[in-house]
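Structural characterization, general
So the chains spell out like this:
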Amino acid sequence: MAVTAIQTETFLPFMRDVTRCEQSLQELNLMWRIIEASAKMNCPTEAKTILPTMAATRTGFSRLERELVTSLVTEKVSNVLTELRTKAQYVIDIVVRNLYERTADVGFLATDRELCSFVAGINDHPDAQDKARLRLREYRNKYTVYDEILLIDVHGDVLVQIDPSTPLEHSADPLIAATLASDNYVETFRATDLRPGKERALIYSRRMHHPDTGAVIGILCLCFHFEQEMAGIFASHGDVRERSNMLLLDADNSVIASSDEMWISVGAQVPVNNSAQSELLMFCGRQYLVSTIASEGYQGYPGPAGWQGQVMTPVDVAFSGNASNVLGDLDPEVAQGLLAHAESFCPPLYDIMMAAKTIQRIVWNGQVMTAGQQGEMLKLKTVLDQISETGNRSNELFAQSIHDLYQTVLASSMRDAEFTSNLLVDLLDRNLYERSDDCRWWALTPELRSALAQPDQDAALIEKITGILSYINGLYTVYTRIYVYDRSGRILASTGDVAQREVLGSRIDDETLSRVLALRNGQDYYVSPFSPTPLYDNSETYVYHAAIRALNDETQIVGGIGIVFDSTPEFLNMLRSGLGSKKQMAAFFVDRSGRILSGTDPRFPIGSQLSISSSLLSVGNGVSASEIAVHDGQYAIAACTASSGYREFKTSDGYQEEVIAVVFESFGAVAQAHAKNSGSEFVLESDSGNIGGREYATFFADGGLFAIRAEHVLEAVPYSSVLPTAMGGRPEQIGVLSLNPEQSKSFIWVFDLGQLMRGTRSQPDGSSQVMILQKGEHTIGLLVDELHAVPQFHDSQITHTPFASSGESMLITQVIKANKGQLLIQSIDIERLFMLLANPDQALPMPMAMHPDASDDSEPFLAAA
């Protein structure tokens, strides 16, 4: 999804915040040029030490002006395309999964003995047609995704249908001949005389055979209520902001379903973007960002040929209207900890942060270089004041850019996580809807109803029942066991491992039996709580139950059927398919108490408690929510959606089982307790009384603000300049630093100040700096967290600490009272620091800068204590 320079110019007019950033960068770039030119003209001699740094700054800004804007545009375009791609993927995935179930339905119903007998003319009873119609309507009452079911003979004559609004006698549609000639289902989507009044219909047909001879006798047609189903998908997953249109396309890129037909109508041919390119596509005079996803199939079913999911959003609204206050609601410590992982989750954000550190270091170094200088060097002060002022403006720009981009990235990630959780719980409800249909339909099997109405069931009858159950289970592999039981709850027949004789003859629990016997009619069902059961190897699952009623008396319950859902792999497959390629995400199904029903992270097993906030567990049904949280030692986005049912399932059928889909998107490990400060709470107030005072270089280390006399500081360099080495003889030595990188002749030791103070090694990152300190002929590098400023302090602001004389190992001998005493800065004694690092009783002697007369391959010179 990389954005080229040409595309950047295309997208910029639609990104007002990035345009403002670009303008500010251009102004600052001009200021750096003016400052450099002024220094060369007014004080070339005095400025010669910092002119190379200023030239590098100007060059860096020129590069930054180009690269940063491109990075910002790329990130914003990528966020939008990722969101569009996710939604397009879900459109086609949900449709294909639904239609896969239809292929199973038509194959099973086409073998129904009652219906086959009717089509074959075996039953010539006067009310045979009414009974066949009643059976089809019973089927439709369970599987409400169909709006018409027809039985047609080999000549095209319609024998029975369930939709009285479009009476049919005969059909000449070619699908009849195609179905009669096929030994598999036939999928048809077009205009047909079987559904008059519809522009097109989605029909699944399968040929039927004589129950005795096996001869082909006709076909069954299941007409899927396509328009209603797509409306439900769009209502659940469409853009509530109405900034994008969700579409389903055919192989010719023509719209066959649209979430907003007033915007893009059915039948329109639209441009597609199958290769996920970050380009604008024109449609009806308007430019769009588009994502198009083709079906990947589901369990061997490829989906209708050429169908694609697509989402389109106009570029003029794609990058606006996303304002949110994610950072305002976030714990500052968590927000700062998350930023430490910016390089991994948002490289442009990391680039801005590093640019800010670079400018801060340049200004800091310039102030250090002129600390204490008098006379002609004062000319340079004016230049440095301009550098400082421009640097502050740069920092303000960077801070705002960091805030805005950080907010954009988090808000986009939270929306994506919420949408993912919405899809996951929708997949679950849609899947379990089919389970409620199956158990009720199979309870209507005439052979089962007749067998359980018998006072006794002999071995032959049990074998017949077992054969029926095994046939069903062979077609529907999402169940590990299907069993029937009599009115007393005794299991008569079962699929699965029947070698376990304790299943046959055992009884279902009293609660389940009483609930089944209390079911009022064939539309009611009962689902056991998600709990361990011996019928599922003592693992937790749902068991769906329906009452089996006497064949000639609907009011008499003669037993029941139980179907054991294979929840462990099925739920896991739902979660994994919903996450797709999002490797940084983990997903779970939990109940209202947080108990895990399934999860993609094996460290959190089924039945254990998921650590999640009570506010997420209490979201309303159908509601999505998200927050930034700490999960399993990681900074993460936690998002969830509570189930709201599908069609009549969990909405109007009386069944209540609230499941929540939870998604965690991890960004990185939680920072240590001594996390670095942003510096915003350590702003030094200007004080005219400090003029003429001593200058101190201030910096952050181990979460605190420290100072060292500026006259002992040469400059600061980024930590990335340090070369690790195993030569050091004490743990604080973390590497060496070249004082002349171009010639590689002079090296100094670098010490970890954080480890000196707390005894454990620091974890440096891209913002870490190394201060180069000098005392006499000795030079060292000191690793610190961040640079701060180079202010002046009057003697009256400096107080000796009461423990300053407690020993040479104490580094802090003074405290500086800044901001009228409201801010205390710890001052490190340079004498004690060098004595500590050079003390031969504590460690090896301290290396200093290589002697100027040494050869190129000399070792660092070791100074005496």
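Residues numbered from 1 in each chain as written. Predicted model: local features only at pLDDT ≥ 70, side-chain atom pairs only at ≥ 80, totals over all residues. Heavy atoms only, no water.

The next point concerns the overall build of the protein chain. If you tally the helices and strands in the protein chain, you get 19 helices and 34 strands. The buried share among the 865 residues of the protein chain stands at 55%. Split by element, the accessible area of the protein chain, about 37,200 Å² in all, is 50% carbon and sulfur. (Helix = DSSP H or I, 4+ residues; strand = E, 2+ residues; numbered from the N terminus. Buried < 20%, exposed > 50% of the residue type's maximum accessible area, 1.4 Å probe, protein only. Areas by Shrake-Rupley, 256 points an atom, 1.4 Å probe, with all protein chains shown as cover.)

We now examine the pattern of salt bridges. Following the criterion strictly, the structure yields 39 salt bridges and no others. The partner of Glu229 in a salt bridge is Arg647, and the shortest N-O contact between them spans 3.3 Å. Remark: Arg647 occurs in the loop between strand 21 (634–642) and strand 22 (660–669) and Glu229 occurs in helix 7 (residues 226–237); sequence separation between them is 418 residues. Since its relative accessible area comes to 4%, Glu229 is described here as buried. Owing to a relative accessible area of 23%, Arg647 belongs among the partly exposed residues under this scheme. Arg595 is paired through a salt bridge with Asp591; the nearest N and O atoms lie 3.3 Å apart. When salt bridges with common partners are traced through the structure, they connect Asp147, Glu148, Asp163, Arg195, Lys198 and Glu227 into a single cluster. (Salt bridge = Lys/Arg side-chain N within 4 Å of Asp/Glu carboxyl O.)

The sheet built from 5 strands is open, its strands ordered 25-28-29-27-26 with mixed pairing. Each of the sheet's edge strands pairs with one partner strand only, and the pair in question is strand 25 (713–718) and strand 26 (733–738). This sheet shows a mean twist of 30° between the axes of neighbouring strands, independent of strand direction. Two strands pair when backbone bridges link them, and strand 28 (residues 769–775) and strand 29 (residues 778–784) are joined in this way by 7 bridges, in the antiparallel orientation. Along strand 29, the bridge assignment pairs Gln774 with Thr779. The sheet strands contacting helix 19 (residues 830–838) are strand 27 (747–752), strand 28 and strand 29, and the helix crosses strand 28 at an angle near 95°. (Pairing = 2+ DSSP bridges. Axes fitted to C-alpha atoms, helices over the stretch in contact; angles between N-to-C directions. Contact = heavy atoms within 4.5 Å.)

Before going further, it helps to examine unusual backbone geometry. Unusually for a residue other than glycine, Asn253 sits at a positive phi of about 65°. Residue placement: Asn253 occurs in the loop between strand 6 (245–249) and strand 7 (255–258). On the accessibility criterion, Asn253 (22% relative accessible area) is partly exposed. Look at Gln299: it is not a glycine, yet its phi comes out positive at around 50°.

Let's shift gears to the sheet that holds strand 11 (residues 479–486). The strand order across the open sheet built from 5 strands is 12-11-17-16-13, with neighbouring strands paired in antiparallel fashion. With partners counted over all chains shown, the strands left at the sheet margins are strand 12 (491–494) and strand 13 (526–527), one partner each. Sheet topology places strand 13 next to strand 16 (residues 543–550); 2 bridges connect them, and they run antiparallel. Each residue of the ladder has a partner; that of Val527, found in strand 16, is Tyr544. Packing against the sheet, helix 14 (residues 459–475) makes contact with strand 11, strand 12 and strand 17 (553–565), and its axis sits at approximately 150° to strand 11.

The next subject is the packing of aromatic side chains. A complete count under the given rule lists 31 aromatic pairs for this structure. Between Phe588 and Phe604 the ring centres are 5.9 Å apart and the planes differ by 85°, which places this aromatic pair in the edge-to-face class. Residue Phe588 is found in strand 18 (residues 585–590), and its partner Phe604 is found in the loop between strand 19 (596–599) and helix 17 (614–617); the two are separated by 16 residues along the sequence. The exposure classification of Phe588 matches that of Phe604, with both residues buried. Through pairs of rings, three or more aromatic residues link up here, namely Phe108, Trp442, Tyr471, Tyr476 and Tyr479. (Phe/Tyr/Trp six-rings, centres within 6.5 Å; stacked < 30°, edge-to-face > 60°.)

Moving on: helix 4 (residues 113–120). What helix 4 keeps buried is the set Leu115, Cys116, Ser117, Phe118 and Val119. Measuring from the side-chain oxygen of the N-cap residue of helix 4 to the backbone nitrogen of Glu114 gives 3.2 Å; that N-cap residue is Asp112. (Polar contact = N/O pair within 3.5 Å; in protein donor to acceptor, adjacent residues only side chain to side chain.)

On to the confidence of the model for the protein chain, then. The predicted model of the protein chain averages 86 in pLDDT, with 89% of residues at 70 or higher. Under a pLDDT of 50 for its full length, residues 840–865 has, in the predicted model, 49 contacts with residues more than four places off or in other chains. (pLDDT = per-residue confidence, 0-100.)

Okay, the side chain of Asn273 next. Considering the arrangement of structural elements, one finds Asn273 in the loop between strand 7 and strand 8 (281–283). Taking the relative accessible area as the measure of exposure, Asn273 reaches 2% and is therefore buried. Within the structure, Asn273 has its side chain in polar contact with the backbone oxygen of Val290 (distance 2.8 Å). Setting aside residues no more than four positions away along its own chain, Asn273 makes contact with Glu279, Leu281, Val290, Ser291, Thr292 and Gln310.

Attention shifts here to helix 16 (residues 567–579). With 13 residues, helix 16 extends 18 Å from end C-alpha to end C-alpha; this agrees with the ideal 18 Å at 1.5 Å per step. Positive phi shows up at Gly580, right after helix 16, with a value of about 60°. (Expected span 1.5 Å × (residues − 1).)

Attention shifts here to a negative patch on the surface. Taken together, the side chains of Glu199, Glu242, Asp260 and Glu261 make up a negatively charged region of the molecular surface. Its place among the elements puts Glu199 in the loop between strand 3 (186–190) and strand 4 (201–209). Note on Glu199: relative accessible area 69%, which makes it exposed. (Patch = residues over 30% accessible without salt bridge, like charges linked within 9 Å, V, L, I, M, F, W, Y side chains within 5 Å. Lys, Arg positive; Asp, Glu negative; His and termini not counted. Charge placed at Lys NZ, Arg CZ, Asp CG, Glu CD.)

A few words on the packing of helix 4 against helix 5 (residues 128–142). Packing of helix 4 against helix 5 brings their axes to within 10 Å, and their N-to-C directions diverge by 145°. Handedness of the crossing formed by helix 4 with helix 5: left-handed. For the pair formed by helix 4 and helix 5, the contact residues are Glu114, Leu115 and Phe118 on the first element and Ala128, Gln129, Ala132, Arg135 and Leu136 on the second. Counted by class, the contact of helix 4 with helix 5 contains 5 nonpolar, 1 polar and 2 charged residues. (Left-handed = near helix turned anticlockwise from the far one by under 90°. Nonpolar A, V, L, I, M, F, W, Y, C, P; charged D, E, K, R; others polar.)

The subject of this paragraph is the nonpolar core. Counting 170 residues, the largest nonpolar core has Leu248, Leu349, Trp442, Tyr542, Ile561 and Phe589 as its most contacted members. Listed in part, the 32 residues of the second largest apolar core include Val368, Val713, Val736 and Leu836. (Core = buried A, V, L, I, M, F, W, Y, C linked by side-chain atoms within 4.5 Å.)

Further remarks concern the environment of Tyr536. Inspection of the secondary structure puts Tyr536 in the loop between strand 14 (531–533) and strand 15 (539–541). Accessibility expressed as a relative area gives 9% for Tyr536, which makes it buried. Spatially, the C-alpha atom of Tyr536 lies 9.9 Å from that of Tyr479, the residues being 57 residues apart in sequence. There is a polar contact of 3.3 Å between the side chain of Tyr536 and the backbone nitrogen of Ser567.

In this section: the environment of Met810. Relative to the elements of secondary structure, Met810 occurs in the loop between strand 32 (798–800) and strand 33 (812–818). Distance in space between the C-alpha atoms of Met810 and Leu833 is 8.5 Å, their sequence separation being 23 residues.

The subject of this paragraph is the pairing of strand 33. For strand 33, the tally of buried residues reaches 5 of 7 residues, placing the bulk of the element in the interior. Across 3 bridges, strand 32 lies against strand 33 in antiparallel orientation. Within strand 33, the residue paired with Ile798 across the bridge is Ile816. For strand 33 and strand 34 (residues 823–828), the ladder comprises 6 bridges, and the chain directions are antiparallel. Looking across to strand 34, one finds that Gln814 is bridged to Ser827. Connecting strand 33 to the antiparallel partner strand 34 that follows it, the hairpin turn spans 4 residues, and Asn819 within it adopts a positive phi of roughly 50°.

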